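Okay, here's what each chain looks like letter by letter:
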Amino acid sequence: MQTSHRHAIIVISVAVLARAIYLWQSSTGPFFAEPLVDARTYHDLAHALAENGTFDDHFLWQAPFFPLALAGLYKVVGVSVAAARVAGAGIGVLTVMATWQLGRRLLGPRGGLAAGLATALNGVLIFFETELLATGLTTLWLVTMVALLIELAARPRTGVAVALGLVGALALLTRTLLLPPLLVGLVWVAWRLARGDDGSWRRALRPLVLVAGGFLFVVGPFAMVAQRHTGHVGLVPPSGAINLYLGNNPDFPATLGIRPGLPWEALVAAPVAHTGVNDPWVSAGWYRDRVRRFVTDSPGAWLGGLGRKVLHLTSSRELPRNVDLYLHRPWSSWLSGSVWTWGRFGFPAGLLLPLGVVGLVVSRRRLTSVLPLVMGVYAVGLVLVFTAARYRAPLLPLLAIAAVGAVMAVMAEPSRRRRIVTVAGVLALILMGTVPGPLAQESIDLEAELWHGVGFNQLRRGETRAATESFRRAVASRDDYPEAWNRLGVSLARQDSFAASIPCFERALALAPDYPDPPGNLDLARTRAAQQSFERARRLEGEERDHEAVVALREALAFTPEWPEAQSRLAWILATTSQMDLRDGAEALALARAALAGHGEDHPWLLEVLAAAEKQAAAE
């Protein structure tokens, strides 16, 4: 068997096995079937398109290709989160194979094998590939783009050029930040072709035209369909503008702590309030204008923010953004062993990033200039917006290749002094990624949001008891979480536990007085709890258990103090009960008068109650 075939079998076997183990272990956890936050948005969009054919502006809020691909999967296999996770693992295996092929081309068979195995076993990649997020596809496109750029510069064939255009289009529709690396890479290709022995700018032009043709072959029809259905071409999603604002404003990095829920809704509503137009593309312009003003008015603060974001990018720890992979470690020993922190040092990024950066320098001739060029442009894009684990993850396979290059260079370096300098550089970068912190995103405890998201999904499916337990875990993790308190109350109310739901709505309202949901929920819960107590009181009264009936009626009036029916019923028992120790003419008279005043007319029954109360009061 040839070495390449043997290595391919090893790499693909390890990649499949690692992902199978993770999926098997995590399937027993509480989050496996629950797409959360952005993943839930993608899932809902794909579900609506697959089952109802719904395609609207919501698809274009973020880059649209991933939810479209997910909808295609759901159309074939049915709406299944498990199937989506398995498909994501399959995309991850393709990424591993692409990394192995690229590493083999740049570093030789052993280098390719090492890079492929490093990518196959990377727990960060495995986690994000199997989440319902665009990270896995973004990673595949980035590695494939680099491989095609190198191939096109070496041998400008038609098939390679068209394939690069197709991949570039899908990359743009998956994550907009992939467009600048593609454009810079094409400039590099043109330069390489034009400066060759038989090169000329005319020779460089033909493959670029073919790339553009492949690009337009995908982008053109999509833009026309999107324009016809939504009025927008959908190539630059408006979500990019709000993300740009989050990372570039006077309150950065505090704005990175704005969470889904009431704070996020307030942020989204701000441009609507200022412009008077409820259109996401108009809002996107508003955010971009705020960023432009911040950069021009406070360049020093903006540059300082960029410096902080560089530290975010180089951190050895995996910074959360709506999903914290560290919270998922308890449910998979594989994830727990492959992604961990020790103090402020995080693995694998704490080792992979320094080795990769050093490898880009010491192995620059073998790696070709386009690899660091593409990585650098993508990294700059992250720093200009903001970085997090899920956005940095696409760099990891390319970093794995560069890291292997660093190790090979050190091992082959005859100069002891140069080896020492290289190792010192790696150690310095390890310290740079370890010492700073805790960073802004790390100050956010996402455990409560995790359980709130699970409870929200369960509540939508009608699993109210399970939702109640999830919301209880959310508020136990974070007591000042108004949305979780409100939905805990909703889940209790749906189980007819109205009395138990009242403190939940009261807590939510106390935490967020402007929260529009709790007041109505609280009024309804009080009314229904009072009705339950009143109905129980009537049943007890019919069974001549007047002591218990009085207690139930007092509960009803505690919920709705000015309820004439409950007031009159309690007054009647206090005035007429055969259990003399319960009789209280004074209270009965006060209740009867209040009931009559609250009813607003001379009701015969209320007059009878009033007469009985007056008689009992006179007898006392």
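Residues numbered from 1 in each chain as written. Predicted model: local features only at pLDDT ≥ 70, side-chain atom pairs only at ≥ 80, totals over all residues. Heavy atoms only, no water.

**Q** What should I look at first to understand the overall build of the chain in this one?
**A** When its secondary structure is counted, the chain shows 30 helices and 2 strands. The C-alpha atoms of the chain give 32 Å as radius of gyration, which overshoots the globular expectation for 620 residues (25 Å, by more than 25%). Oriented by its inertia axes, the alpha-carbon framework of the chain measures out at about 120 × 50 × 50 Å. Expressed as a percentage of its 620 residues, the buried residues of the chain come to 51%. (Helix = DSSP H or I, 4+ residues; strand = E, 2+ residues; numbered from the N terminus. Rg over C-alpha atoms; globule rule 2.2 N^0.38 Å. Buried < 20%, exposed > 50% of the residue type's maximum accessible area, 1.4 Å probe, protein only.)

**Q** I keep staring at the pattern of salt bridges and nothing clicks. Help me out?
**A** Pairing between side chains of opposite charge can happen when the charged atoms of each approach one another. Inspection of the entire model under this criterion finds 24 salt bridges. For D289, the salt bridge identified is with R292, shortest N-O distance 2.4 Å. Of the two residues, D289 and R292 are both situated in helix α13 (residues 280–297); the distance of 3 residues between them amounts to about one turn of the helix. Using a relative accessible area of 48% as the deciding quantity, one classes R292 as partly exposed. Among the salt bridges present, the one from E555 reaches R536, with a minimum N-O distance of 2.4 Å. Taken as a pair, E555 in helix α27 (residues 546–559) and R536 in helix α26 (residues 517–542) lie far apart in primary sequence, 19 residues in all. Judged by its relative accessible area of 28%, R536 falls in the partly exposed class. (Salt bridge = Lys/Arg side-chain N within 4 Å of Asp/Glu carboxyl O.)

**Q** Just to check I follow, could you spell out helix α11 (residues 239–246) for this structure?
**A** Within an α-helix, residues lying three or four positions from one another point in the same direction, as the helix has 3.6 residues per turn. Among the 8 residues that make up α11, 6 are buried, leaving the element largely enclosed by the rest of the structure. Of all the positions in α11, only S239, A241, I242, N243, Y245 and L246 are classed as buried. Tucked inside the fold, the buried residues of α11 contact α3 (57–61), α12 (262–275) and α13. (Contact = heavy atoms within 4.5 Å.)

**Q** Teacher, can you tell me more about unusual backbone geometry here?
**A** Of note, the bond from F347 into P348 is cis; its omega dihedral lies within 30 degrees of zero at 15 degrees. Along the chain, P348 turns up in the loop between β2 (345–347) and α16 (349–362). With omega at 0 degrees, the peptide bond leading from G437 into P438 counts as cis. Among the structural elements, P438 can be located in the loop between α21 (416–434) and α22 (447–460).

**Q** Can you help me understand the side chain of E541 in this one?
**A** Along the chain, the position of E541 falls in helix α26. A distance of 3.3 Å separates a polar atom in the side chain of E541 from a polar atom in the side chain of R538. Excluding residues that lie within four positions of it along the chain, E541 makes contacts with D546, A549, R569, W572 and I573. (Polar contact = N/O pair within 3.5 Å; in protein donor to acceptor, adjacent residues only side chain to side chain.)

**Q** Help me understand the nonpolar core, please; the structure alone is not making it clear to me.
**A** The nonpolar side chains of soluble globular proteins are, as a tendency, buried together. Counting 118 residues, the largest nonpolar core has F128, L164 and L371 as the members making the most contacts within it. Among the elements that line this core, the one with the most residues is helix α7 (residues 135–154), at 12 residues. Not counting the four nearest positions on each side in its chain, L164 is found in contact with M145, L148, L149, L152, L182, L186 and V211. Formed by 30 residues, the second largest nonpolar core is a distinct cluster that contains A549, L574, A612 and A613. (Core = buried A, V, L, I, M, F, W, Y, C linked by side-chain atoms within 4.5 Å.)

**Q** When you look at α26 in this model, what are you seeing that I'm missing?
**A** Its 26 residues place the ends of α26 38 Å apart at the C-alpha level, agreeing with the 38 Å of an ideal helix rising 1.5 Å per residue. Listing the buried residues of α26 in full gives P518, L522, A525, A529, A530, S533, F534, A537, L540 and E541. Buried residues along α26 sit against α24 (482–493), α25 (498–511), α27 and α28 (564–576). Phi for E544, located one or two positions after α26, is positive at around 60 degrees. (Expected span 1.5 Å × (residues − 1).)

**Q** Before we go on, may I ask you to explain the packing of aromatic side chains in this structure?
**A** For any pair of aromatic rings, the description rests on two quantities: the centre-to-centre distance and the angle between the ring planes. Counted according to the given criterion, the structure contains 12 aromatic pairs. Summarising the aromatic geometry, the rings of F65 and W141 are spaced 6.3 Å apart at their centres and angled 55 degrees between planes, so their arrangement reads as tilted. Here F65, found in helix α4 (residues 65–77), pairs with W141, found in helix α7; they are 76 residues apart in sequence, far enough to count as distant. Looking at W141, the relative accessible area reads 10%, which means it is buried. Geometrically, the ring pair formed by F386 and Y391 is edge-to-face, given 5.9 Å between the ring centres and 65 degrees between the ring planes. A relative accessible area of 12% places Y391 in the buried class. An aromatic cluster of at least three residues, connected via ring pairs, comprises F31, W331 and W451. The residue whose ring lies beneath K309 is F252, and the NZ or CZ to ring-centre distance is 5.4 Å. (Phe/Tyr/Trp six-rings, centres within 6.5 Å; stacked < 30°, edge-to-face > 60°. Lys NZ or Arg CZ within 6 Å of the ring centre and 35° of its normal.)

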